[in-house]
Amino acid sequence: MDREVITSPRVTPMRSATSHAVKAGGFVFVTGVTPFRGSDRMAAEIDKGDLEAQIHQVMTNMAAILEEAGSSMDRIVKVSAALTDLSQYARFDAAYRKHFPKGAYPARQTTESARLAHPDFLVSIDCIALAGTE
């Protein structure tokens, strides 16, 4: 099975030992996408305290990573989302659903994580998508 590491120049580089995504076996496995904005790690920005803005940025970054892999948001089959405060689930769901056509949502697991990789992160989302756009 071929394995291809995917890195998007439009998304903040990872600082830990992980890749933006790996394409293998007809799928794209996207690492937990963060709400950093910008492609320069030293100048990356984050919308502190703004859940909706962070979700939008995560989904924008996810789309860029999938595009780099030759896939797209409409090819996502499974999502795992981590929120630092699950009492914000309704707000999360309302912002998240704007990124998919009504009724065409991927399977999803949403959990609470007391801490994410950065103290200002409110959300992190990973996904599995079908590779290719045919």
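For clarity, every value in this text was computed on a predicted model and none was experimentally measured.

Chemist: Can you walk me through helix α2 (residues 89-97) in this structure?
Modeler: One turn of the α-helix equals 3.6 residues, which is why residues spaced by three or four share an orientation. Where α2 is concerned, the buried positions are Phe92, Asp93, Ala95 and Tyr96. Looking at the buried side of α2, the elements it contacts are α1 (51-68), β4 (76-83), β5 (107-112) and β6 (123-130).

Chemist: Would you mind going over the side chain of glutamine 54 with me for this structure?
Modeler: If you trace the backbone, glutamine 54 turns up in helix α1. Taking the relative accessible area as the measure of exposure, glutamine 54 reaches 0% and is therefore buried. Separated by 3.0 Å, the side chain of glutamine 54 and the backbone oxygen of aspartate 120 make a polar contact. Not counting residues within four places of it along the chain, the set of residues in contact with glutamine 54 comprises Pro35, Ile46, Asp47, Lys48, Gly49, Asp120, Phe121, Leu122 and Val123.

Chemist: Looking at this model, I keep getting lost on α1. Mind explaining?
Modeler: Along its 18 residues, α1 runs 26 Å from first to last C-alpha, staying within 8% of the 26 Å computed at 1.5 Å per residue. Listed in full, the buried residues belonging to α1 are Leu51, Ala53, Gln54, Ile55, Gln57, Val58, Met59, Asn61, Met62, Ala64, Ile65 and Leu66. Between the side-chain oxygen of the N-cap and the backbone nitrogen of glutamate 52 there are 3.4 Å, and the N-cap of α1 in question is aspartate 50.

Chemist: I keep staring at the nonpolar core and nothing clicks. Help me out?
Modeler: Nonpolar side chains in soluble globular proteins generally cluster together in the buried interior. Core analysis: the largest hydrophobic core is formed by 29 residues, its most contacted members being Leu66, Ile76, Phe92 and Ile125. Counting residues per element, this core draws most heavily on α1, at eight residues. Those residues in contact with isoleucine 76, other than ones at most four positions away along the chain, are Met62, Leu66, Phe100, Pro106, Cys127, Ile128 and Ala129. Core analysis: the second largest hydrophobic core is formed by five residues, Phe36, Ile46, Leu116 and Phe121 among them.

Chemist: What is the right way to look at the pattern of salt bridges in this model?
Modeler: Pairing of side chains with opposite charge becomes possible as their charged atoms draw close. Tallying each qualifying case throughout the model produces eight salt bridges. Among the ionic pairs, lysine 48 bridges to aspartate 120, the shortest N-O distance being 3.8 Å. Separated by 72 residues along the polypeptide, lysine 48 in the loop between β3 (27-33) and α1 and aspartate 120 in the loop between β5 and β6 bring together distant segments of the chain. Residue classification places lysine 48 among the exposed residues on the basis of a relative accessible area of 61%. Residues aspartate 93 and arginine 97 are paired through a salt bridge, measuring 2.7 Å at the closest nitrogen-oxygen approach. A residue pair is termed a helical-turn pair when its members lie 3 or 4 positions apart in one helix, as aspartate 93 and arginine 97 do in helix α2 at four residues. Salt bridges linked by common partners bring Arg37, Glu45 and Asp47 together as one network.

Reading the values: rules and limits
Residues numbered from 1 in each chain as written. Predicted model: local features only at pLDDT ≥ 70, side-chain atom pairs only at ≥ 80, totals over all residues. Heavy atoms only, no water. Buried < 20%, exposed > 50% of the residue type's maximum accessible area, 1.4 Å probe, protein only. Helix = DSSP H or I, 4+ residues; strand = E, 2+ residues; numbered from the N terminus. Contact = heavy atoms within 4.5 Å. Polar contact = N/O pair within 3.5 Å; in protein donor to acceptor, adjacent residues only side chain to side chain. Expected span 1.5 Å × (residues − 1). Core = buried A, V, L, I, M, F, W, Y, C linked by side-chain atoms within 4.5 Å. Salt bridge = Lys/Arg side-chain N within 4 Å of Asp/Glu carboxyl O.

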